[in-house]
Amino acid sequence: MLSERERERYRRQILLFGEEGQERLKEAEICIAGAGGLGSPVALWLAVAGVGTITLIDPDTVDRTNLNRQVLHRDRDIGEKKVASAQEKLEELNPDITIRAIDARIDAGNAAKLVGRADGIVDCLDNYAARYILNRVALEKGIPLFHGAIRGMYGQATTIIPGKTPCLSCIFPRAPPEEEFPVVGVTPGLIGMVQATEVVKFLLGTGELLANRLLLWDGMLAQATEICVERDPACRACGDRGKGKRRRGGR
Ligand SMILES: [Zn+2]
């Protein structure tokens, strides 16, 4: 049930989703991996939308070089843990939701536990090693992975639904080389917004998800294109060979 205060807070979106939709958002739990360039807009917009429980995972502290894009953090937060800084801002924005701040680096050993009972994982990471780990967790748990990545003025996003779409390893069998890549804050802002939109649609069961489609954004040309993506039967994570090694999903 929504409180009177919540009915007031969400009035303009209840016009769109109804109280039932708003209650669904309230009951949902979403895990955001990374509280940086992508994680900031995703967390901000899911928080104001009223997603009831948001788990944020990030091991880093705020650095001055983050501030051109990581809009959850302020100059005064330099040296603070990113998840603590993020939690403070999000609770200020919306005191009616729960923020679980987890100061940890995702690895193969802890990922499933950190994700917990989340209804979906938002990939706001900056490295493919951890992305592949989350991809496996999403496959194991049978929950969606909302992928987003950026470089400079380019960005991409897709929604991975286990059993229905290719997984991250099908689409990107090899990781690009690690580097300190250039980025302008507007790019993760835009891609994060796409990811957050996907999360809201998924939770409400409405609209057409970015499933089996990879959205590519070129900010220089102000051009969005999309390519169809397909499952790879030989995929190391979700293919027939990978399956035998996987535990059965819990949900
Ligand atoms: Zn796959």
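Residues numbered from 1 in each chain as written. Predicted model: local features only at pLDDT ≥ 70, side-chain atom pairs only at ≥ 80, totals over all residues. Heavy atoms only, no water.

Regarding a nonpolar patch on the surface
Phase 1: Among the surface-exposed residues, Trp-45, Val-48, Leu-93 and Met-193 lie close enough to one another that they form a single nonpolar patch of about 340 Å² accessible area.
Phase 2: If you trace the backbone, Leu-93 turns up in helix α4 (residues 82–93). (Patch = residues over 30% accessible without salt bridge, like charges linked within 9 Å, V, L, I, M, F, W, Y side chains within 5 Å. Areas by Shrake-Rupley, 256 points an atom, 1.4 Å probe, with all protein chains shown as cover. Salt bridge = Lys/Arg side-chain N within 4 Å of Asp/Glu carboxyl O. Helix = DSSP H or I, 4+ residues; strand = E, 2+ residues; numbered from the N terminus.)

Comments concerning the coordination of the zinc ion
Phase 1: Around the zinc ion, the protein contributes the donor atoms Cys-167 (SG), Cys-170 (SG), Cys-235 (SG) and Cys-238 (SG), which lie 2.2 to 2.3 Å from the metal centre.
Phase 2: Relative to the metal, the 4 donor atoms surrounding the zinc ion lie at angles of 94 to 122 degrees, and the coordination shape comes out tetrahedral.
Phase 3: Within one chain, the residues serving as donors to the zinc ion are arranged as C-x2-C-x64-C-x2-C. Of this pair, Cys-170 sits in helix α7 (residues 168–171) while Cys-235 sits in the loop between β8 (223–228) and α9 (240–245), placing them 65 residues apart in sequence.
Phase 4: By relative accessible area, Cys-170 is classed as buried at 11%. (Donors = N, O, S within 2.8 Å, 3.2 Å for Na, K, Ca; no water. Tetrahedral: all angles 85-135°; square planar, octahedral: opposite > 155°, others 65-115°. Buried < 20%, exposed > 50% of the residue type's maximum accessible area, 1.4 Å probe, protein only.)

A closer look at helix α8 (residues 186–204)
Phase 1: In this model, α8 (19 residues) spans 27 Å end to end at C-alpha, consistent with the 27 Å of a helix rising 1.5 Å per residue.
Phase 2: At the exit of α8 stands Gly-205, carrying a positive phi of roughly 65 degrees. (Expected span 1.5 Å × (residues − 1).)

Quick look at the environment of Gly-34
Phase 1: Considering the arrangement of structural elements, one finds Gly-34 in the loop between β1 (29–33) and α3 (39–49).
Phase 2: Residues within four places of Gly-34 in sequence aside, it is in contact with Gly-39, Leu-56, Ile-57, Asp-58, Cys-124 and Leu-125. (Contact = heavy atoms within 4.5 Å.)

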